[in-house]
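A closer look at the structure
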Amino acid sequence: MIKYRMTVFHAQRGNILVIIPLAVFLIFTEFLFLVGSVESLPTVLPSLPTHFSKIPGASPRADIFSGCRRTPYRAACESMLSSKLISAPPQTLGDLFHHSVQFSIGKANSARALAYNLSHSFETSHILLNGGMNDCLELLDDSLDQLANVVNHQRKPSPSSTDDVQTWLSAALTNQVTCLKSLENYRFKIGKGVMDATVRDLSHFISNSLNLYVSSNQNYHEAKKSSISSTGGHRRLMSDGFPSWVSAAERRLLRASIGEIEASAVVAKDGSGTHETIGEALALAASLAVGGYGRTVVHVKAGTYHENLNIRTDQNNLMLVGDGKGQTVIVGDRSNDGGWTTFRSATFAAMGDGFIARDITFVNSAGPAKHQAVALRIGSDKSVIFRCSILGYQDTLYTYSKRQFYRETDIYGTIDFIFGNSAVVFQNCNIYVRKPLPGQDNFITAQGRNSPDENTGISIHNCKIAAASDLKPVQSKVATYLGRPWFKHSRTVIMQSYLDGLIHPAGWAPWPGSSAFGKLYYGEYKNKGPGASISGRVKWPGYHASLTSADAQSFTVAGFIAGHLWLPSTGVSFDSGLFG
């Protein structure tokens, strides 16, 4: 789906001659730094309380590599245990998991230092103004936050959700995949080579940590099943219609009228608010977040705002409230063809946890000819998008990572226009397929699960999928598919939804050049409408034409994103389980 194109940058020959020796020097010093940083890392923390099983036959004299046999990157695991960090062989899989996470943190710090030096060294040369190295910097910051969450959880385990550690490690792994994608057309090849190797190395250690957690935690699967079954396996509408990771105060905020909301900042183009641009208001919100004020609310009054905005990973609990769909509109036009990475093309991006948006329209106006052009990118854990509109063509909505919930939201696009590697549930949403360029097919979803250990996927529940007004007259001439597998473990389900007649009988399409149909997981459950017939669907091993109610339940708000634990605090209406 994401096809990165080379951007042309102009530089004087003399500048390049100056930069090449600098780059060589930097790379040499970075290799020394990488070696030194691993050796200088502090001794790993003492063993922490875990629910992991003992390594079979483990003893002070046992083969210290025995626990590595189960990991996807065994050589990386063994190299970790051979390092100076490990003074004694791990006695339990919990010990091995803990060593792995600590080692990943050291590797992530080294990778970030390398990215920082490379990006700042080349920044003055104007060779790369908006490319992949800056993406990697932001993503490594987020990865370090996710790994720190894991360590803190291990120190003080919480039984409230069995999904937290898996979510954090899945997000950290996704960040490395995205960094590598963003670097594909990075202009300076020497820097790209060392950065690629460093990030790929880091991804192996994080993948091992994720595998050790999922496969070895004895209580994990049982606790998750218990969490799902506690909802009763049926429709359970909260009193105000929202899931449980949302506090009572936030529920009131989501349902409150504009007059009832006490905002920290008010944005108005006519000068009647505290700020005239959203960017200025978000800068204030960031300073309030640092001061520990809890949730920060920014009210954006009706108007069209031409801004590109990014809520970074360290800015949590931001709520953006507009005056309604089509009234408060945020517009950008960045695109892949325009020289931006797909990650950086977003009109609005939120990475800080607990992000909520209500009554706003997000638009990328680049148009179909500009290819990848994101309107909204969300990498915020326990985020909620409520009563919004998201408009674009290719790659409209980037559900990037972590746990997300969309309710009563309209999404417009053409190719892969709901994509990413989050654990996301769409409920009571309208998904409108637009007219693509001549000769193009439409693909609604492109889910990016890269490992079977990730808890990610797309769940579309009780939604409507139909043609937008521009496609309706020609929908019989355009093939529209429910989705295609961006990565080999791609996972998407459509449940209890209305599918209009634009859906191709096969339902799903292969990714070009891919044949890993046994590793993906696609499913449908009790859909209706002229496009819901499963008689002509694909015959892939990983496709489930008619999910059982038990299987479908695992993709509901409660079963997939543990929403019954965090959505109630947001105030957004939700249904924990299936209807009927």
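Residues numbered from 1 in each chain as written. Predicted model: local features only at pLDDT ≥ 70, side-chain atom pairs only at ≥ 80, totals over all residues. Heavy atoms only, no water.

1. Focus: the pattern of salt bridges
For the coordinates displayed, the defined rule picks out 19 salt bridges. Asp141 is the partner of Arg112 in a salt bridge, and the nearest nitrogen-oxygen pair spans 2.4 Å. Of the two residues, Arg112 is situated in helix α3 (residues 93-123) and Asp141 in helix α4 (residues 132-155); the sequence distance between them amounts to 29 residues. One salt bridge in this structure joins Asp141 and Arg312, with 3.4 Å as the shortest N-O distance. In this pair, Asp141 is assigned in helix α4 and Arg312 in the loop between β4 (309-311) and β5 (318-321), connecting sequence segments 171 residues apart. Through salt bridges that share partners, Arg112, Asp135, Glu138, Asp141, Arg312 and Arg344 make up one connected network. (Salt bridge = Lys/Arg side-chain N within 4 Å of Asp/Glu carboxyl O. Helix = DSSP H or I, 4+ residues; strand = E, 2+ residues; numbered from the N terminus.)

2. Focus on the state of the cysteines
The final tally for this structure, using the stated rule, is two disulfides. Sulfur-sulfur distance for the disulfide between Cys68 and Cys77 comes to 2.0 Å. The S-S bond linking Cys68 to Cys77 shows a torsion near -70°; that makes this disulfide left-handed. Neither residue differs from the other here; Cys68 and Cys77 are each classed as buried. The disulfide partner of Cys136 is Cys179, and the gap between their sulfur atoms is 1.9 Å. The chirality of the disulfide connecting Cys136 with Cys179 is right-handed, given an S-S dihedral of about 100°. Taken together, the residues Cys136 in helix α4 and Cys179 in helix α5 (residues 164-182) connect sequence positions 43 residues apart. (Disulfide = S-S within 2.5 Å. Buried < 20%, exposed > 50% of the residue type's maximum accessible area, 1.4 Å probe, protein only.)

3. Brief notes about empty space enclosed by the protein
Applying the stated criterion to the full structure yields three cavities of 30 Å³ or more. Reported here for the second largest cavity is a volume of approximately 100 Å³. Forming the boundary of the second largest cavity are Thr174, Val177, Thr178, Lys181, Tyr398, Tyr400, Gly420, Asn421, Gly448, Asn450, Trp486 and Phe487. Counting residues per element, the lining of the second largest cavity draws most heavily on α5, which supplies four residues. The residue makeup of the lining of the second largest cavity, split by class, is five nonpolar, six polar and one charged. (1 Å grid on protein atoms, 1.4 Å probe; cavity = no way out; pocket = protein on both sides within 12 Å on 5 of 7 lines; lining within 4 Å. Points joined across faces, edges and corners; volume = space filled by probe spheres on them. Nonpolar A, V, L, I, M, F, W, Y, C, P; charged D, E, K, R; others polar.)

4. Here's the deal with the sheet that holds β4
Sheet architecture is open: seven strands sit in the order β4-β7-β10-β13-β16-β19-β22, paired in parallel fashion. Every interior strand has two partners, whereas the edge strands, β4 and β22 (480-483), have only one. Each neighbouring strand pair of the sheet contributes to a mean axis angle of 10°, computed without reference to strand direction. (Pairing = 2+ DSSP bridges. Axes fitted to C-alpha atoms, helices over the stretch in contact; angles between N-to-C directions.)

5. Focus: the packing of aromatic side chains
Applying the stated rule across the entire model yields 18 aromatic pairs. Summarising the aromatic geometry, the rings of Tyr398 and Phe419 are spaced 4.1 Å apart at their centres and angled 20° between planes, so their arrangement reads as stacked. Placement of Tyr398 in strand β13 (residues 397-399) and of Phe419 in strand β16 (residues 415-420) is noted, with a sequence separation of 21 residues between them. Given a relative accessible area of 3%, Tyr398 falls into the buried group. Between Phe555 and Phe560 the ring centres are 5.3 Å apart and the planes differ by 50°, which places this aromatic pair in the tilted class. The pair Phe555 / Phe560 is uniform in exposure class, with both members buried. Looking at Arg434, its charged tip hangs above the ring of Tyr393, at a distance of 4.1 Å from the centre. (Phe/Tyr/Trp six-rings, centres within 6.5 Å; stacked < 30°, edge-to-face > 60°. Lys NZ or Arg CZ within 6 Å of the ring centre and 35° of its normal.)

6. A short note on the sheet that holds strand β25 (residues 521-525)
Spatially, β1-β2-β5-β8-β11-β14-β17-β20-β23-β25-β26 is the arrangement adopted by the eleven strands of the open sheet, whose pairing is parallel. This sheet does not close on itself; its edge strands, each paired only once, are β1 (265-267) and β26 (543-544). As paired elements, β25 and β26 share two bridges and run parallel to each other. In the sheet register, Tyr522 faces β26, and the bridge partner there is Tyr543. Set on the sheet, helix α8 (residues 248-255) makes contact with β2 (296-300), β5, β8 (356-358) and β11 (383-386); between it and β8 the angle comes to about 25°. (Contact = heavy atoms within 4.5 Å.)

7. Regarding unusual backbone geometry
Glycine aside, residues mostly have negative phi, and peptide bonds are mostly found in the trans state. Positive phi, normally seen in glycine, also occurs at His371, with a value near 65°. Its location among the elements puts His371 in the loop between β9 (361-364) and β10 (376-378). In this model, Lys402 sits at a positive phi of 70°, which is unusual for a non-glycine residue. The exposure class of Lys402 is buried, given its relative accessible area of 3%.

8. Considering the UniProt feature "active site" (unreviewed entry) in the protein
If you check UniProt for "active site" (unreviewed entry), the listed places come out as Asp416 in our numbering. Given a relative accessible area of 0%, Asp416 falls into the buried group. (UniProt positions renumbered as here; feature names shortened; annotations may be inferred.)

9. So, the confidence of the model for the protein
In this model, the protein carries an average pLDDT of 83, and 80% of its residues clear a pLDDT of 70 or more. Below a pLDDT of 50 lies the segment residues 2-53, which in the model reaches 98 contacts outside its immediate sequence neighbourhood of four places, other chains included. Considering only residues more than four positions removed or in separate chains, one finds that residues 226-240, a stretch of pLDDT under 50, has 34 contacts. (pLDDT = per-residue confidence, 0-100.)

10. Focus on the pairing of strand β18 (residues 430-433)
Note: strand β15 (residues 410-413) against β18, four bridges, orientation parallel. Residue pairing across strands places Tyr412 opposite Tyr432, the latter belonging to β18. As paired elements, β18 and strand β21 (residues 464-467) share four bridges and run parallel to each other. When the bridges of β21 are listed, Asn430 appears paired with Lys464.

11. Re helix α6 (residues 189-216)
Between its first and last C-alpha atoms α6 spans 40 Å; for 28 residues at 1.5 Å apiece the expected length is 40 Å, and the two agree. Taken across its 28 residues, α6 has 20 buried, putting it largely inside the fold. (Expected span 1.5 Å × (residues − 1).)

12. Remarks on the side chain of Gln315
Relative to the helices and strands, Gln315 is located in the loop between β4 and β5. Look at Gln315 and you get buried, because its relative accessible area is 9%. Beyond its immediate chain neighbours, meaning those up to four positions away, Gln315 contacts Leu282, Ala285, Ala286, Gly352 and Asp353.

13. Quick notes on the nonpolar core
In this structure, Val298, Phe348 and Phe426 are the most contacted members of the largest nonpolar core, which totals 63 residues. Looking at this core element by element, the count peaks at four residues for helix α9 (residues 278-290). With near-sequence residues (within four places) excluded, Phe348 lies in contact with Leu282, Leu309, Ile311, Leu320, Ile330, Phe355, Phe362, Ala375, Leu376 and Arg377. By size, the runner-up hydrophobic cluster in this structure holds 58 residues, among which are Leu118, Leu140, Leu144 and Trp486. (Core = buried A, V, L, I, M, F, W, Y, C linked by side-chain atoms within 4.5 Å.)

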